[in-house]
Amino acid sequence: MFRTALRNVLAHKARLLMTVLAVMLGVAFVSGTLVFTNTISDAYQKSSAKGFDQVDVAVQAKYQDSEGDKVGRTPDLTRALLEKAQKVPGAASATGVVTGFTALAGKDGKLVGGDWQSAGGNYWGAKDARYPLVSGHAPHGKGEVLLDSETAKRAGYKVGDTVRLSVDGPVLTPTVAGIFTTDDGNVAAGGSLTLFDTPTAQALFGKKGTYDEIDVKAAAGTSQSALKAELDKALPTQLVETTTGKQLADDQAKAIAESMSGLKQALLVFAGIALFVGTFIIANTFTMLVAQRTRELALLRAVGASRRQVTRSVLIEAFAVGTVAGVTGLAAGIGIGAGLRSLLGSFGASVPDGPLVISPGTVVAALAVGILITMLAAWLPGRRAAKIPPVAAMSSVHAKATTKSLVLRNTFGALFAAAGVAVVLSATTMSADSAQGPMGIGAVLLIIGVFILTPLLSRPLIAAASPVLRAFGVSGKLARQNSVRNPRRTAATASALMIGLTLITGMMVMAGSLQTAIDKMASSAIRADYVVSMANRSPLSPDVAKKLATTDVVTASSPLRSAPSRIGGKTEFLTGVDGASIAKLTDLKVDDGSFTVSGTRVVVDKDRAKKNDWTPGSHFTAHFEDGKAQQLTVAGVYEGNDMINGIMLDNQVLTPHLKDPADMQVMVKTAGGTSEATKTELAKVLGTNPAIKIQDKKDISNDVAKMFSTMLNMLYGLLGMAVIVAVLGVINTLAMSVFERSQEIGMLRAIGLDRKAVKRMVRLESLVISLFGGVLGIGLGVFFGWAAGQLLGTKMPTYELVLPWGRMAVFLLLAGAVGILAALWPARRAAKLNMLSAIKAE
């Protein structure tokens, strides 16, 4: 039986090619994902580990939790603590570390390093071992900075050049005093690092006389653990905590691995989808191969082969196919992993240098996935083949499914589909947090139910296309009949395409609806013409709001200043605003009272008012970070949203209690409304600062739209793998169907059907099957998009379902195009059949 199975694989290698390709693509996706994520993770871990070479023990401030009316805070790491750490036994030196956001402009005026990767820090003393200088000297005063060598190379800066940069808003123009090298993973990933002398860094980052961290270097012969023990004895452990450099490196490696695991899981999900779609092709292929070899298998049974041996022979064939697919998929996956790494560079993202990582786990996973998926998908066709009695197989009476089996299949399908719909509808009534699990389970049940019911659904849906097919004459009629001749085969072929389109359509519906909701939120909640903020959303200096307020074109402005407080024993964040201007800059619906922010009169959003049982006239006491308290009065209750919510009070009341006032954004109303000229003038007032964003409502919506577009394009690309696998399935099914119907096609040619008509018949059959899968996929996608939207609607009042009819029509046309393209080779092959040879074929 083993020799028979291998002979069958070699005899049908052309027919198994598409199956090998389908499985290979899924395996390549899995192995490529593992190679890519392992390579990136390993490169970052090694790079970050180098960054801790100069750190034996790090001293960090321990956050003091809120308690009673006391606002939680992080204690300061002072010069006195640093000197104390430096004097402990076993310590060679101690370095104060200061960090913050620093936006550096290139010579073209654009931000270097991206919104989130532009960092700043301090250079310690005359020679800092963390940052070896390659040219120039240590910075002195506000007028000098150091640049990392990678940034200087990218931006074209050298020692002596003047650069433009910003920390929290105002533009600075220091001179490049030197260039240094660093193992900082942020720089290796394409970011920038700008260093100031320590007093300047402390002043710019709002940490006068304090540090973010104190790094202690051990003396020769002192271990990290011994130094840590000495520091724990000498320093106030209730205010600070100590960590060895090795532990910091391990924690960093763990954090990198965790951050990569999310990407790995997401990519593996899409790989799983492609493999799931591939199982339809495998099952279809082996079902058709078994059907074509019915008499051969019957003869084996007649000469003594047991049912188990017949099943085993089919599984041996599947094992051979899976092994070939696994090996070729692994090789392709290694190429994909290397290609993805190179692709990151083309998008401007740098990755630390390191070798391509191909772990034993990746090799085992690739082979296991290829072999197991193929054997599992082939098991059912093999089992069916073994159950056919030899005499029945010889006369082919087994060919059609019994009425009982079809009724049983439809019953199960209806139960699964009904359960899926019920669970999904039930989930739409739950809260967004608790509904995710049930929603996922319901979606899986419904997809399984629809898949089981697809043979039943194929007849009425394909029959609906009859009027169109009649226009193609005999070819159209034959195409319709061939499409419904074997509903199970049609179902398996169409379902592969259905799954990909279901996911793509569902995501598209959700993204379009979310974008519309955000547009409405921005237009309905904001009257301001512009919103000014830092590029990375870090706090703005209060000087920005002051400059804007004194500009001639600005008629009203208000900074939004956030600060923690304790109210009723709970932490609540207060939003400080300009009380006289905020009503002119927002358009929030007031449910009760008036929108009055003045003195101690505040407004609160509806959710907080309900939670605290506040109404207009209610009084409560807010305890600020400086330890002082103030009684506040609720003037009104408004409907908040994701952009504007919380407790608003006048900055004149809030600011005196803040140690370092900073604004999250500034809202601006101008005399002439929005225009490029006004935007340019505001930018000039702020020094044409690349670190600052000046956005109107359309810009805010476009930012969100860009995020959704990027996400959708990535998802389309990933799901495109599943669609490619589905196309291979259509080609495979049609090619094997043509082979199976060789005698029939020969007879049709003999009675007058020309080659052109034969080609048209096969193409129309493929088109009908593909459109059938497209209709099911788009329909399910819309349902899932609506259901997910119901959950989002509970958190976003402006959310409403938006159906992208144009894109759905494009998807349906693409499904049709897939069908036509997939039929090119099978149709050509059918037309080239020799009619006499085909008629004689068994």
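Residues numbered from 1 in each chain as written. Predicted model: local features only at pLDDT ≥ 70, side-chain atom pairs only at ≥ 80, totals over all residues. Heavy atoms only, no water.

K.L.:
Could you give me a rundown of the overall build of the chain, with the residues and numbers involved?
P.N.:
The number of helices and strands found in the chain is 28 helices and 26 strands. Within the chain, the proportion of its 842 residues that are buried is 48%. A separation of at least 24 residues holds for 81% of the contacts in the chain among residues at least 6 apart in sequence. (Helix = DSSP H or I, 4+ residues; strand = E, 2+ residues; numbered from the N terminus. Buried < 20%, exposed > 50% of the residue type's maximum accessible area, 1.4 Å probe, protein only. Contact = heavy atoms within 4.5 Å.)

K.L.:
Kindly report on the packing of aromatic side chains, identifying the contributing residues and their values.
P.N.:
Taken as a whole, this structure holds 7 aromatic pairs when the rule is applied. Pairing Phe196 with Phe205 gives two aromatic rings, centres 6.1 Å apart and planes at 80 degrees, and the pair type is edge-to-face. The buried category is assigned to Phe205, whose relative accessible area is 12%. Taken together through their ring pairs, the aromatic side chains of Phe783, Phe784 and Trp786 make up a single cluster. Arg409 extends its terminal NZ or CZ atom over the ring of Phe451, reaching a point 6.0 Å from the ring centre. (Phe/Tyr/Trp six-rings, centres within 6.5 Å; stacked < 30°, edge-to-face > 60°. Lys NZ or Arg CZ within 6 Å of the ring centre and 35° of its normal.)

K.L.:
Outline the sheet that holds strand E11 (residues 171-172), listing residues and values.
P.N.:
The 4 strands lie next to each other as E6-E5-E10-E11, forming an open sheet whose pairing is antiparallel. Only two strands of the sheet have a single partner each, and these edge strands are strand E6 (111-112) and E11. For strand E5 (residues 103-105) and strand E10 (residues 165-166), the ladder comprises 2 bridges, and the chain directions are antiparallel. Residue Leu104 lies in a different strand from E10, and its bridge partner there is Leu165. (Pairing = 2+ DSSP bridges.)

K.L.:
Could you give an account of a nonpolar patch on the surface, naming the residues involved and the relevant values?
P.N.:
Together, Leu408, Phe412, Leu415, Phe416, Val444 and Ile448 make up a nonpolar patch on the protein surface, roughly 540 Å² of accessible area in all. Listing elements by their share of the nonpolar patch, those giving two or more residues are helix H13 (403-427) and helix H14 (432-463). Tracing the chain through its elements places Leu408 in helix H13. (Patch = residues over 30% accessible without salt bridge, like charges linked within 9 Å, V, L, I, M, F, W, Y side chains within 5 Å. Areas by Shrake-Rupley, 256 points an atom, 1.4 Å probe, with all protein chains shown as cover. Salt bridge = Lys/Arg side-chain N within 4 Å of Asp/Glu carboxyl O.)

K.L.:
Outline the sheet that holds strand E1 (residues 57-61), listing residues and values.
P.N.:
With respect to topology, 4 strands assemble into an open sheet ordered E3-E15-E1-E16, the strand pairing being antiparallel. Since the sheet does not close on itself, it has two edges, and those belong to strand E3 (91-97) and strand E16 (240-244), each with one partner. Averaged over all neighbouring strand pairs, the angle between strand axes comes to 20 degrees, with direction disregarded. Of the strand pairs in this sheet, E1 and E16 are connected by 5 bridges, and their pairing is antiparallel. Across the sheet, Gln60 pairs through a bridge with Glu241, a residue of E16. Set on the sheet, helix H3 (residues 79-86) makes contact with E3, strand E15 (213-218) and E16; between it and E3 the angle comes to about 160 degrees. (Axes fitted to C-alpha atoms, helices over the stretch in contact; angles between N-to-C directions.)

K.L.:
For the pairing of strand E19 (residues 570-577), give the residues involved together with the corresponding values.
P.N.:
Relative to E19, strand E18 (residues 554-567) is paired through 7 bridges, and the arrangement is antiparallel. Bridge pairing links Ser562 to Thr575 in E19. The hairpin formed by E18 and E19 contains 2 residues between the paired strands, and Gly568 there has a positive phi angle of roughly 60 degrees.

K.L.:
For unusual backbone geometry, give the residues involved together with the corresponding values.
P.N.:
For residues besides glycine, phi is generally negative; the peptide bonds are generally trans as well. Even without glycine at this site, Asp613 takes up a positive phi of about 60 degrees. With respect to the helices, strands and loops of the structure, Asp613 is situated in the loop between helix H20 (606-612) and strand E22 (619-623).

K.L.:
Give me the environment of Leu267: which residues, what numbers.
P.N.:
As for its position among the elements, Leu267 is in helix H8 (residues 245-292). Residue class for Leu267 comes out buried when judged on its relative accessible area of 11%. In this structure, the C-alpha to C-alpha distance between Leu267 and Leu34, residues 233 residues apart in sequence, is 9.1 Å.

K.L.:
Account for H14, with residues named and values stated.
P.N.:
Between its first and last C-alpha atoms H14 spans 41 Å; for 32 residues at 1.5 Å apiece the expected length is 46 Å, and the helix comes up short by more than 12%. Where H14 bends most, at Thr454, the angle is about 60 degrees, and the proline Pro455 comes one to four residues later. (Expected span 1.5 Å × (residues − 1). Bend = angle between axes of the 7 residues up to and from the residue.)

K.L.:
Any chance you could break down the pattern of salt bridges for me, citing the residues and the numbers?
P.N.:
All told, the structure shown has 18 salt bridges when counted by the stated rule. As a salt-bridge pair, Asp250 and Lys246 come within 3.1 Å of each other at their nearest N and O atoms. On the criterion of helical spacing, the pair formed by Asp250 and Lys246 is a turn pair, its members being 4 residues apart in helix H8. Owing to a relative accessible area of 54%, Lys246 belongs among the exposed residues under this scheme. A salt bridge links Lys589 to Glu639; its shortest N-O distance comes to 3.8 Å. On the criterion of sequence distance, the pair formed by Lys589 in the loop between helix H19 (582-585) and strand E20 (590-593) and Glu639 in the loop between strand E23 (629-638) and strand E24 (647-650) is long-range, its members being 50 residues apart. Accessibility expressed as a relative area gives 55% for Lys589, which makes it exposed. Since its relative accessible area comes to 28%, Glu639 is described here as partly exposed. When salt bridges that share partners are traced, they join Glu572, Asp605, Arg608 and Lys611 into one network.

K.L.:
Provide a residue-level description of the packing of helix H25 (residues 755-793) against helix H27 (residues 824-831), including the pertinent values.
P.N.:
Two elements in contact, H25 and H27, have axes whose closest approach is 8 Å; the angle formed by their N-to-C orientations is 145 degrees. You can see that H25 and H27 cross each other, and the crossing is right-handed. Here H25 contributes Arg755, Val758, Lys759, Val762 and Arg763 to the contact with H27, which in turn contributes Leu824, Pro826, Ala827, Arg828, Ala830 and Ala831. (Left-handed = near helix turned anticlockwise from the far one by under 90°.)

K.L.:
Account for the side chain of Thr151, with residues named and values stated.
P.N.:
Checked against the element boundaries, Thr151 lands in helix H4 (residues 149-155). Relative accessible area serves as the criterion here: at 1%, Thr151 is assigned to the buried category.

K.L.:
Tell me about the nonpolar core, residues and numbers included.
P.N.:
One finds Val762 and Phe784 to be the most contacted residues of the largest nonpolar core, which totals 70 residues. Per element, the largest residue contribution to this core is 13 residues, and it comes from H25. Among all residues touching Val762, those that are not within four sequence positions of it are Leu734, Val738, Ala823, Pro826, Ala827 and Ala830. Counting residues in each nonpolar core, the second largest holds 34 residues, with Leu77, Val163, Val176 and Leu231 among its members. (Core = buried A, V, L, I, M, F, W, Y, C linked by side-chain atoms within 4.5 Å.)

K.L.:
So what's going on with the packing of helix H16 (residues 473-485) against H25? Residues and values would help.
P.N.:
To describe two helices that pack against each other, one gives the angle between their axes and the distance between the axes. One can describe the packing of H16 onto H25 by two numbers: an axis separation of 8 Å at closest approach and a directional angle of 45 degrees. It follows from the interaxial angle that H16 and H25 lie oblique. Crossing of H16 over H25 shows right-handed handedness. Contact residues: Ser475, Gly476, Leu478, Ala479, Asn482 and Ser483 in H16; Ala757, Arg760, Met761, Leu764, Glu765, Val768 and Ile769 in H25. (Parallel < 35°, antiparallel > 145°, perpendicular 65-115°, else oblique.)

K.L.:
Quick rundown of the side chain of Ser770? Include the residues and the values.
P.N.:
Within the fold, Ser770 resides in helix H25. Residue Ser770 is classed as buried on the basis of its relative accessible area, which comes to 1%.

K.L.:
Describe in detail the pairing of E15, supporting the description with residues and values.
P.N.:
In terms of burial, E15 is a largely internal element, 5 of the 6 residues being buried. Sheet topology note: the E1/E15 ladder contains 4 bridges and is antiparallel. Bridging from a neighbouring strand, Val57 pairs with Val216 of E15. Pairing analysis gives 6 bridges linking E3 to E15, with the strands arranged antiparallel. In the sheet register, Ala91 faces E15, and the bridge partner there is Ala218.

K.L.:
Which residues make up the environment of Asn410, and what values go with them?
P.N.:
Tracing the backbone shows Asn410 in helix H13. For Asn410 and Pro455, which are 45 residues apart along the polypeptide, the C-alpha to C-alpha distance reads 8.6 Å. Setting aside its immediate chain neighbours within four residues, Asn410 contacts Leu453 and Leu456.

K.L.:
Explain the environment of Ala822 to me, using residue names and the numbers behind them.
P.N.:
Considering the arrangement of structural elements, one finds Ala822 in helix H26 (residues 805-822). You can call Ala822 buried: its relative accessible area is 1%. In the structure, Ala822 is positioned 93 residues away from Gly729 in sequence and 8.8 Å away in space, judged by C-alpha atoms. Once residues within four sequence positions are removed from consideration, Ala822 is found in contact with Val727, Val730, Ile731, Leu734 and Ser766.

Geometry only, nothing functional implied.
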